[in-house]
Amino acid sequence: MPLVAYLGPRGTFTEQASRCLTDDFDAELVPFDAVSQALRAVRTGEVLAAAVPVENSVEGSVPATLDALSAGDPLVAVREAMLPIRFDVLVRPGTRDVRSVASHPHALGQVRGWLAEHLPGAEVRVSGSTAAAAAEVLAGEHDAAVTAPTAIEEYPSLVRLAEGIADLPDAVTRFLLLRRPGIPPEPTGADRTSIAAVIGDEVGALTELLAELSLRGINLSRIESRPTKDRLGEYRFFLDFDGHIADARIGDALSALHRRCSEVRFLGSYPKADRSPATVRPAASEQVFRHSAQWVDDLRAGAIG
Ligand SMILES: O=C(O)C(=O)Cc1ccccc1
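Residues numbered from 1 in each chain as written. Predicted model: local features only at pLDDT ≥ 70, side-chain atom pairs only at ≥ 80, totals over all residues. Heavy atoms only, no water.

An unreviewed UniProt entry lists the chain under the name Prephenate dehydratase, with Saccharopolyspora cebuensis given as the organism. As stated in UniProt under Catalytic activity (unreviewed entry), the record for the chain gives "prephenate + H(+) = 3-phenylpyruvate + CO2 + H2O". Turning to the chain, the UniProt annotation filed under Pathway (unreviewed entry) states: "Amino-acid biosynthesis; L-phenylalanine biosynthesis; phenylpyruvate from prephenate: step 1/1." (UniProt positions renumbered as here; feature names shortened; annotations may be inferred.)

Draft legend 1. Focus on the layout of surface pockets. Here the largest pocket defines a volume of roughly 170 Å³. Considering the residues around the largest pocket, the lining is formed by I199, G200, D201, E202, A205, L206, R231, L232, G233, E234, Y235 and F237. Grouping the constituent residues of the lining of the largest pocket by class yields 6 nonpolar, 2 polar and 4 charged. (1 Å grid on protein atoms, 1.4 Å probe; cavity = no way out; pocket = protein on both sides within 12 Å on 5 of 7 lines; lining within 4 Å. Points joined across faces, edges and corners; volume = space filled by probe spheres on them. Nonpolar A, V, L, I, M, F, W, Y, C, P; charged D, E, K, R; others polar.)

Draft legend 2. Structural view of the sheet that holds strand β9 (residues 144-147). Sheet architecture is open: 5 strands sit in the order β8-β7-β9-β6-β10, paired in mixed fashion. The open sheet is flanked by β8 (123-126) and β10 (159-165), the only strands paired with a single partner. Ignoring strand direction, the axes of neighbouring strands in this sheet form an average angle of 25°. Contacting β6 (87-91), β7 (100-103) and β9, helix α6 (residues 130-138) crosses the sheet at an angle of about 160° to β9. (Pairing = 2+ DSSP bridges. Helix = DSSP H or I, 4+ residues; strand = E, 2+ residues; numbered from the N terminus. Axes fitted to C-alpha atoms, helices over the stretch in contact; angles between N-to-C directions. Contact = heavy atoms within 4.5 Å.)

If you want it as structure tokens, here you go:
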């Protein structure tokens, strides 16, 4: 049975997401302590794929995931999942005074208001994941953990101090299933393409990169920058846009970016979790692209334009 890595231990949001991401094949889910370790296991071939959190509607991107995607051998996303996010607070039975509370940074960021109101004196500590924080509470390292609602099933000797909390009730986290590069999943008409691009430190470089997309009627759904870590002021841009590399307008835009950027990494074309079809302007449709490419071919072959 293929192995699929996830950010563990058992009981994380990513474990839940990994079940959605593998619901069309039999997979054995294997927990790893960090996103970077899960991705390393994909790169070495120890596992087939890894489920990782990539961004949240409240806290933004997960930097550990973006960094692990841009360093090391390339990986590509083949599926995405969205999970609504609410949290429980778990403590050891009999805990009266909560002096420390731990969780994954993205969880802490989404309950900041609740913590300030209900546990104002507690020291806030960062753990590798929400479930790692629960394990650490069990071991007596912290008094409370902010966890996924499913975590109590893995830590039944802890009790809920609070249930279903979130500063913003409609928070959603997006997860990706990443594999070693291969033929992308078939286009569905409701796909997303992700890339990471490094541009030169020149006037208008970012505007020109974005123009390559907008001129071809491509809808950008995310842009995020991370330092390249090579030199101060140099950034890698993570872009998500509607469409599939098999689409003429996307292939055309990618080849333009390849000419323009000092580095472009293809991070996959995969079906969007919400299955919302891409809206394509008439001038950017497959048919129009094919027709105009044919026109150029005909001219080259000596036809009269
Ligand atoms: O720590 C977890 O449970 C994770 O899967 C990472 C995470 C943390 C907070 C919201 C979404 C994902």
